[in-house]
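Here is what each chain is made of, one letter per residue.
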Amino acid sequence: QVQLVESGGGLVQAGGSLRLSCAASGTIFRLNVMAWYRQAPGKQRELVARISSSGTTNYADSVKGRFTIERDSNKNTVYLQMNSLKPEDTAVYYCYAIRMEVVHWGQGTQVTVSS
């Protein structure tokens, strides 16, 4: 079993920055892709950024150039650096990991961007 614990959410003004962290624990051998998703009220959960075990990254078009996903394999942690935040980035952000074709989710952390 894999446990994912997010931290770093909060309230920030538009144009500001936040850094989210997701620490993985438990059976993490062969942990493959890790990612961040988000879900705004009344909307479907959407992919924000993903990073493979080899470090390949992908981003949603809406966050390219503003968000950066990083992975520290020694600490089993994935980060999401969010800069130039916009009110439309307001959502609950969820950490995601897949191991041996089994998907795991964190509990989510709220990010609120005020205008």
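Since the model is a prediction, treat every value here as computed from it, not as a measurement. Sequence positions are assigned chain by chain, starting from 1 and proceeding in written order. Per-residue local features are limited, in this predicted model, to residues with pLDDT of at least 70; the limit for side-chain atom pairs, both in listing and counting, is 80 or more; totals at the level of whole chains, interfaces and linings are taken over all residues. The side-chain values count all of the structure's non-hydrogen atoms but skip hydrogen atoms and water molecules.

### Some words on the pairing of strand β11 (residues 109-114)
- Going residue by residue along β11, you find Thr109, Val111 and Val113 tucked away on one face and Gln110, Thr112 and Ser114 left uncovered on the opposite face.
- Paired strands, as defined in this entry, are two strands with at least two bridges between them according to DSSP. Helix and strand labels come from DSSP, where a helix needs a run of H or I of at least four residues and a strand needs a run of E of at least two; each type is numbered from the N terminus. Of the strand pairs in this sheet, strand β2 (residues 10-13) and β11 are connected by four bridges, and their pairing is parallel. Bridged to Leu11 within β11 is Thr112. Remark: exposure states derive from per-residue accessible area (1.4 Å probe, protein chains only) relative to the maximum for the residue type, with buried under 20%, exposed over 50%, and partly exposed in between.

### Observations regarding the nonpolar core
- Core analysis: the biggest nonpolar cluster contains 28 residues, and Met34, Trp36, Leu80, Met82 and Tyr93 have the highest contact counts within it.
- Listing elements by their share of this core, those giving two or more residues are β1 (2-7), β3 (18-26), β4 (31-39), β5 (46-51), β7 (67-72), β8 (77-82), β9 (91-99) and β11.
- Setting aside residues no more than four positions away along its own chain, Tyr93 makes contact with Glu6, Leu20, Trp36, Tyr37, Arg38, Val48, Phe67, Leu80, Met82, Gly108, Thr109 and Val111. Definition used in this section: a nonpolar core is a set of buried Ala, Val, Leu, Ile, Met, Phe, Trp, Tyr and Cys residues joined via side-chain atoms within 4.5 Å. Whether two residues are in contact is decided by their heavy atoms, any of which lying within 4.5 Å being enough.

### Side note on the sheet that holds β8
- The sheet built from four strands is open, its strands ordered β1-β3-β8-β7 with antiparallel pairing. This sheet does not close on itself; its edge strands, each paired only once, are β1 and β7. Put simply, the sheet's adjacent strands are angled 15° from each other on average, direction ignored.
- Looking at chain direction, β3 and β8 are connected through six bridges and run antiparallel. Within the sheet, the bridge partner assigned to Leu18 lies in β8 and is Met82. Axis lines are fitted to C-alpha atoms, over the contacting stretch for helices. Their N-to-C directions set the angle, which ranges from 0 to 180 degrees.

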